[in-house]
Structures are given as C-alpha cells and as structure tokens.
Amino acid sequence: MGIKNNKIFITGASTGIGRQLALDYGKAGAELWLLARSETKLTDLAREIQKAGGQAHILICDATDEPAFLSALGIAQEESGGFDLVIANAGWGGKMQYPGDKNIEVLNQVIDLNFRAATQTLEYFAKFMVIARHGHLVGVSSIAGFRGAPSAAVYSATKAALITYLESLRFSVRPFGIFVTDIRPGFVRTPMTDRNVVPMPFLMEVDKASHKIRRAIARKRKRFTFPWQMAVLLHLIKAAPDFLYDWIAGLTFGKQAVSGRTGKAESNTPA
Ligand SMILES: NC(=O)c1ccc[n+]([C@@H]2O[C@H](COP(=O)([O-])OP(=O)(O)OC[C@H]3O[C@@H](n4cnc5c(N)ncnc54)[C@H](OP(=O)(O)O)[C@@H]3O)[C@@H](O)[C@H]2O)c1
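Just so we're clear, the structure is a prediction, and the values are computed from it rather than from any experiment. (Residues numbered from 1 in each chain as written. Predicted model: local features only at pLDDT ≥ 70, side-chain atom pairs only at ≥ 80, totals over all residues.)

**Q** Explain the sheet that holds strand S4 (residues 85-88) here, please?
**A** Within a sheet, each strand pairs with its neighbour through backbone hydrogen bonds, oriented either parallel or antiparallel. The sheet built from seven strands is open, its strands ordered S3-S2-S1-S4-S5-S6-S7 with parallel pairing. Edge positions in the sheet fall to strand S3 (55-60) and strand S7 (223-226), since each has one partner strand and no second. Across the sheet, the axes of successive neighbouring strands diverge by a mean angle of 15 degrees, strand direction being ignored. In terms of strand pairing, strand S1 (residues 7-11) meets strand S2 (residues 31-36) through five bridges, oriented parallel. Across the sheet, residue Ile10 finds its bridge partner in S2, namely Leu34. Sheet strands touched by helix H3 (residues 66-80): S1, S2 and S3. Its angle to S3, the strand with the most contacts, is close to 160 degrees. (Pairing = 2+ DSSP bridges. Helix = DSSP H or I, 4+ residues; strand = E, 2+ residues; numbered from the N terminus. Axes fitted to C-alpha atoms, helices over the stretch in contact; angles between N-to-C directions. Contact = placed C-beta atoms within 7 Å.)

**Q** Teacher, can you tell me more about the environment of Arg174 here?
**A** With respect to the helices, strands and loops of the structure, Arg174 is situated in the loop between helix H5 (153-173) and strand S6 (179-185). A C-alpha to C-alpha distance of 9.1 Å links Arg174 and Val130, two positions 44 residues apart in sequence.

**Q** Please clarify how the site of the ligand should be interpreted in this entry.
**A** In the region of the ligand, 29 residues are neighbours, and Gly12, Gly16, Arg37, Ser38 and Gly91 sit closest. Listed by contribution, the elements that provide at least two residues to the shell around the ligand are helix H1 (16-27) and helix H6 (191-194). Split by residue class, the shell around the ligand holds 14 nonpolar, 12 polar and three charged. (Near = placed C-beta within 6 Å. Nonpolar A, V, L, I, M, F, W, Y, C, P; charged D, E, K, R; others polar.)

Limitation: the analysis is restricted to geometry and does not speak to function.
Structure below.
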C-alpha cells in the first residue's frame, strides 16, 4: 500500500485495532511511533515489529495526563522530523451504572481519552503537517457515534463529537494538501469487545479490520464505516423514528436497556 519508509504515529497501539495496525504497517516497512500506557505490551510489540523488519519507537504515556501527553507528542514530532500518517486510535468504553457513584469519574475519563486526547493528537500534528504541506490525519470513531447507543451515553457522545470534529477539520486542512479520514468500526474482536455481554452482529476479526482500515487510509477515504452490512443498517437507523430505534435497540441490548430498568446490558461496552 505504498507505506514503506513512511513515518506513522499511533495512539492506543498496545492492544486491539491499534496493535494490529502497528504490526501490519511495521511489516510493510513503515517506521512507527507507538503510544499507550502498557510498557510491557508496547516493548513486546516493538520487538515483534523489528523481527519482521520494521522499526518501532515506543512512548509510554497516559493520554489523559495532558502535560505528559503533550510532551510525548512533542518527543515523537522531534524524533520523527514530521509524520506522514497520524492515527488517533486510543479509546475506552467506560462503564456507567444506574444508580452509580462513579459515573462522573467515568464520564471525565471517557471524555478525556476519546475526545480530548484524540483531538489534541490531531491538532498537535496538524500544525506541523500544514507547515510541511504534507500528511494524513486519521481518527478512529465508532458506529456508536451515529445515535445514542443504549448503556453508552458518554461513549456514544464522545464518538459523535469526534465524527463532527473530523469532518470539520477536513475543511480546515484540505487547502494545505492534508487528508483527514474518519474510521468508524462496527464490532471488532479486541480486548474492548471481549468484555461485551450482548450480541455483536457482524463481529470482525482484528486482522481483517486492520486490512480494511489500511485500505481506506491508502484510498484517502473521508470516512469509512465497516463492515458494509453495519454501514447500511446504521444509515437506516440514523433516519429511523424514535419508536423504531427504541424497538431495534431493545432487540439488541435487551428490553431493560431501553426501559430504564438496570440489568445485564449495563455491563456492555459498545462498538
Ligand atoms: N473493537 C471494536 O469493536 C470497536 C468498535 C468501534 C470503535 N472502536 C474504537 O477503536 C479504538 C480501538 O479500540 P480497540 O477495540 O482496539 O480497544 P482496546 O483493545 O481496548 O485498545 C485500546 C487501546 O487504547 C489504549 N489506551 C486506553 N486508555 C489509554 C490511556 N489513558 N492513555 C493511553 N492509551 C490508552 C490501550 O492501551 P493501554 O491500556 O496500554 O494504555 C489500548 O492500546 C477505540 O477508539 C475504540 O473506541 C472499537
């Protein structure tokens, strides 16, 4: 996919989608800067990438710790001399309980990671890309950003906000030759979805998801929702009246998720 010798920055690279993208881009000859909190996982991944012939630098950092995070972004920029591709991928579902004592804490953590850290990543590198008139910015949002998903108020809201931000950012940087892609995955088998207790229609393996995401990026797609069955379903759901949406949500997440009673679906982490 023409990625050899490209410099790529990925957040949330220690597991799941971010890890698979890093591995696949590394194998294709890219030089990678990978950020996450888990030192062991990132070190193992960097070794695996190096064995496969790629190059990887790791940045151990909590993206919600703003001073540490901005400093890590600065280090990556300085070491790389500028990126060809930046992927703001780190995200977390959060788990709200009703009634619950920790909802404000969870709310802040999810907003900080899914929206603040993601947009800070893109804004930070956009500045350098605009000056260099070269680069591609990618955000990983979710199908959960299309409508308010049951049991996922803050997750859904942060992904909807990220979708809107990415669309708007595209207009700001396009005149400078910078591309923006919004990746909107359906259900992908990762540690995030391993915790799910509800049915996950069209669940995709992470290697297949990585292939589809990399192809969409190579094609410089503005947005990419996958799998296609979910994309079709979601466009219908977006236009559906509330009574129909409530009925579909009830089928998927259980009646308790839409009736206001607590139950099994409260422990779900959405796509
Ligand atoms: N899997 C799906 O079905 C699905 C569907 C739609 C959208 N998505 C989105 O895809 C992205 C990747 O999800 P995934 O399924 O691959 O999840 P995952 O396996 O849980 O990976 C999340 C990544 O984010 C990192 N991370 C979490 N908190 C962090 C923090 N405070 N600071 C820095 N890094 C942090 C994790 O590493 P550490 O724990 O080591 O920090 C990990 O590398 C997310 O934005 C998610 O919302 C996933």
